[in-house]
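So you can see what is in the structure, the chains are spelled out below.
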Amino acid sequence: MELTYSDYLHLDELLDLQQPLSDPPEHDETLFIVVHQAYELWFKLLLHELEKIKADFVANRLYPAISTFKRARTIMKVMVEQVDIVETLTPMSFASFRDRLDKASGFQSVQFRELEFALGYKRADMLKYQRPGTPSYAQLERRLREPSVVDAFYTFLKQNGVTIPDELTRRDPTLPAIQNETVAEGVLTLYKTQPNMEILFELMTDFDEGLQEWRYRHIKLVERSIGSKRGTGGSLGVEFLKKSLFSPVFPDLWAIRHRL
Ligand code: HEM
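1. Some thoughts on the coordination of the iron atom of the ligand
Reference geometry at the metal: tetrahedral coordination by four donors gives ideal angles of 109.5 degrees; octahedral coordination by six donors gives 90 or 180 degrees.
Thinking step 1. Here the protein supplies the iron atom of the ligand with just one donor, His218 (NE2), and that contact is 2.2 Å long.
Thinking step 2. Structurally, the position occupied by His218 is in helix H12 (residues 195-226).

Printed below as a string of structure tokens:
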């Protein structure tokens, strides 16, 4: 039998996955489910692209890394824009089905944590919000221990003449990436002497800024939907989210802006 569009995309299964819990039905719950599922798909694609970026960096492939960062940056922009759709949900409408969520929250999104870990923003204590023994727990634990995009970036920079201090190459991979003066100095030199590197660094900065934009938009979304209520995931809500708001994933690229 000929392969159809629907077969290839497994549409029967995909379109059967939106199952509102409200009884009687609440019109807006469908939007809430579809948007979160769409985000999870973007997270999946981003993780896939970041794996390629890591491999490109390690193999010193500049142009493939540039084109993949361009894609990752563009996905990030779409993710930021999608918040507009969720903001069409009014606080009262959200309140009408919020109880159905019980303790479920984006806080428990394994793929979002994977993204943070893959990028080098590692917070081992986030594992305690996942269920041990599940495949997703094992997956997140693996991400915690494996080298991040920042580690691969160091390998790339080293191959392009930047000194990477031993304390960075030998560091415990489960700890978050930190800003380093020697690395920043090397990045600055490449920025000023190699236009193709400048393209890469600007795309990485776009991506980084995009993630911070997403965090900001999400916080405002939370504020306008639930104000100072605690999150369904049990955190302090807005206060908890603000802690990550201005944390860049590529701190060395931000440290040198005033010297460019
Ligand atoms: C009405 C809409 C939303 C509300 C009220 C809301 C609320 C919250 C709150 C309060 C938290 C803090 C953790 C907790 O639950 O205690 C949180 C975390 C989170 N939410 Fe949302 N959220 C909304 C929409 C979304 C959407 C559309 C996404 C897309 C995937 C999302 C993804 C996340 C993620 C990834 C976290 C963890 C962030 C971090 O740890 O920095 N949320 N959300």
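2. Quick word on the site of the ligand
Thinking step 1. Surrounding the ligand, one finds 28 residues, the nearest of these being Ser105, Arg113, His218, Gly233 and Ser235.
Thinking step 2. A distance of 3.3 Å separates an oxygen atom of the ligand from a polar side-chain atom of Arg215.
Thinking step 3. Secondary-structure elements contributing two or more residues to the shell around the ligand are helix H3 (29-58), helix H7 (110-119), H12 and helix H13 (238-242).
Thinking step 4. It is H12 that contributes the most residues to the shell around the ligand, 7 residues altogether.
Thinking step 5. Its residues assigned to classes, the shell around the ligand comprises 14 nonpolar, 11 polar and 3 charged.

3. Points about unusual backbone geometry
The phi torsion of most residues other than glycine is negative, and most of the peptide bonds are trans.
Thinking step 1. In this chain, Asp23 is followed by Pro24 through a cis amide linkage whose omega measures 5°.
Thinking step 2. The residue Pro24 is located in the loop between helix H2 (11-14) and H3 in this model.
Thinking step 3. A positive phi angle, near 50°, is found at His10, a position not held by glycine.
Thinking step 4. Following the sequence through the fold, His10 ends up in the loop between helix H1 (5-9) and H2.
Thinking step 5. Within the chain, Asn60 stands out as a residue other than glycine whose phi angle is a positive 55°.

4. A closer look at the nonpolar core
Thinking step 1. One finds Phe57, Phe69, Leu157, Leu200, Phe201, Met204 and Phe250 to be the most contacted residues of the largest nonpolar core, which totals 54 residues.
Thinking step 2. Put simply, the parts of the chain that give this core at least two residues each are H3, helix H4 (62-81), helix H5 (83-86), H7, helix H9 (149-159), helix H11 (181-193) and H12.
Thinking step 3. With sequence-adjacent residues up to four places away left out, Met204 is seen in contact with Phe57, Phe69, Phe153, Phe250 and Leu253.
Thinking step 4. Residues Phe32, Phe97, Ile226 and Leu245 belong to the second largest nonpolar core, which totals 10 residues.

5. Observations concerning the packing of H9 against H12
Thinking step 1. Between H9 and H12, the least distance of the axes is 14 Å, while the angle of their chain directions is 165°. With respect to H12, the axis of H9 lies roughly antiparallel. Of the two possible hands of crossing, H9 and H12 adopt the one that is left-handed. The segment H9 lies against H12, with Phe153, Phe156 and Leu157 engaging Met197, Leu200, Phe201 and Met204.

6. A word on the environment of Arg131
Thinking step 1. Relative to the helices and strands, Arg131 is located in the loop between H7 and helix H8 (135-145).
Thinking step 2. For the pair Arg131 and Gln108, spaced 23 residues apart in sequence, the C-alpha to C-alpha distance is 9.5 Å.

Rules of the game
- Residues numbered from 1 in each chain as written.
- Predicted model: local features only at pLDDT ≥ 70, side-chain atom pairs only at ≥ 80, totals over all residues.
- Heavy atoms only, no water.
- Donors = N, O, S within 2.8 Å, 3.2 Å for Na, K, Ca; no water.
- Helix = DSSP H or I, 4+ residues; strand = E, 2+ residues; numbered from the N terminus.
- Near = heavy atom within 4 Å.
- Polar contact = N/O pair within 3.5 Å; in protein donor to acceptor, adjacent residues only side chain to side chain.
- Nonpolar A, V, L, I, M, F, W, Y, C, P; charged D, E, K, R; others polar.
- Core = buried A, V, L, I, M, F, W, Y, C linked by side-chain atoms within 4.5 Å.
- Buried < 20%, exposed > 50% of the residue type's maximum accessible area, 1.4 Å probe, protein only.
- Contact = heavy atoms within 4.5 Å.
- Axes fitted to C-alpha atoms, helices over the stretch in contact; angles between N-to-C directions.
- Parallel < 35°, antiparallel > 145°, perpendicular 65-115°, else oblique.
- Left-handed = near helix turned anticlockwise from the far one by under 90°.

So, to be careful, I would describe these as geometric facts and stop short of saying anything about function.
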